[in-house]
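The chain contents come next:
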Amino acid sequence: MPEQDGETDVPADGGPASAAGAPPPMETDDSTELVFRSVDLFYEEYLAQVVWRRVDGVHLAWCPDWWMHPEAIVRIASLWRAFEFLRVDSSLGMSNWWLHHADPHLAVLMDPRTGPFVLCAGPDGHSVDIGPLPGNPSPPEMWDDPAFSVDAAEAEEARKAAGAEDPAN
């Protein structure tokens, strides 16, 4: 499967992939070449070629414009990254990929009742009539515990360090 330099899984215009909080570029060591240089190549050249399903919108749902759904982008990018990592394990890597990554993600993606393609009309239609989960702003002080915030953890570490340096404490 060919590698193509210069392709990216995050649109330059800040499209759905960046809105979905797409992960930073994948790091690899020098000894392992990626099979697929981008999430779209992984989808086009692998996932869409090996996963064949009867998509009817009743039993299974899929959107031909999957890249317009932030959840689908993140899930398929996760599948790509796991694939690239696990494919080099010649014993159980691909079995682990299918059982622990592909099967659960595809089940969620293709769920016609609750998946991200719930309003897309089968293989022919994309709908934008679905949006993010509803939510009201939370009080910021709720997240002041290091268990919930990197900023809170760093502030606590700074307080501890300052206390250790202060002989009055």
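Before going into details, it helps to say that this report is about the structure given with it. (Residues numbered from 1 in each chain as written. Predicted model: local features only at pLDDT ≥ 70, side-chain atom pairs only at ≥ 80, totals over all residues. Heavy atoms only, no water.)

1. Quick word on the nonpolar core
So, point 1. Core analysis: the largest hydrophobic core is formed by 29 residues, its most contacted members being Phe 36, Phe 42, Leu 47, Trp 62, Ile 76, Trp 97 and Phe 117.
So, point 2. Broken down by secondary-structure element, the contributors of at least two residues to this core are α2 (39–50), α3 (70–86) and α4 (93–109).
So, point 3. The greatest single-element share of this core, amounting to eight residues, is contributed by α3.
So, point 4. Those residues within four positions of Leu 47 in sequence are excluded, and the remaining contacts are Phe 42, Ile 76, Leu 79 and Trp 97. (Core = buried A, V, L, I, M, F, W, Y, C linked by side-chain atoms within 4.5 Å. Buried < 20%, exposed > 50% of the residue type's maximum accessible area, 1.4 Å probe, protein only. Helix = DSSP H or I, 4+ residues; strand = E, 2+ residues; numbered from the N terminus. Contact = heavy atoms within 4.5 Å.)

2. Looking at the packing of α2 against α4
So, point 1. In the contact formed by α2 and α4, the axes pass within 14 Å of each other and the chain directions differ by 80°. Taken together, the axis directions place α2 and α4 in an arrangement best described as roughly perpendicular. Taking contact as the criterion, the partners of Phe 42, Tyr 46, Leu 47 and Val 50 in α2 are, on α4, Met 94, Trp 97 and Trp 98. (Axes fitted to C-alpha atoms, helices over the stretch in contact; angles between N-to-C directions. Parallel < 35°, antiparallel > 145°, perpendicular 65-115°, else oblique.)

3. Things to note about the pattern of salt bridges
So, point 1. For the coordinates displayed, the defined rule picks out four salt bridges.
So, point 2. Across the pair Arg 87 and Glu 84 runs a salt bridge, and its minimum N-O distance is 2.8 Å.
So, point 3. A residue is classified by how much of its surface remains accessible, and Arg 87, at 24% relative accessible area, is partly exposed.
So, point 4. Relative accessible area serves as the criterion here: at 5%, Glu 84 is assigned to the buried category.
So, point 5. For Arg 113, the salt bridge identified is with Asp 111, shortest N-O distance 3.8 Å. (Salt bridge = Lys/Arg side-chain N within 4 Å of Asp/Glu carboxyl O.)

4. Topic: α4
So, point 1. For α4, which comprises 17 residues, the first-to-last C-alpha distance of 22 Å matches the rise-based estimate of 24 Å (1.5 Å per residue) to within 8%.
So, point 2. Along α4, the sharpest change in direction is near 35° and occurs at Ala 102; proline Pro 104 comes one to four residues later.
So, point 3. Residues of α4 that are buried: Gly 93, Trp 97, Ala 102, His 105, Leu 106 and Leu 109.
So, point 4. Where α4 is buried, its residues touch α2 and α3. (Expected span 1.5 Å × (residues − 1). Bend = angle between axes of the 7 residues up to and from the residue.)

5. Here we look at the packing of α2 against α3
So, point 1. One way to put it is that α2 packs onto α3 with a least axis distance of 9 Å and a crossing angle of 75°. Between α2 and α3, the interaxial angle falls into the category roughly perpendicular. Two secondary-structure elements touch here, α2 through Val 39, Phe 42, Tyr 43, Tyr 46 and Leu 47 and α3 through Ile 76, Ala 77, Leu 79, Trp 80 and Phe 83.
So, point 2. Taken together, the residues of the contact of α2 with α3 sort by class into 10 nonpolar, no polar and no charged. (Nonpolar A, V, L, I, M, F, W, Y, C, P; charged D, E, K, R; others polar.)

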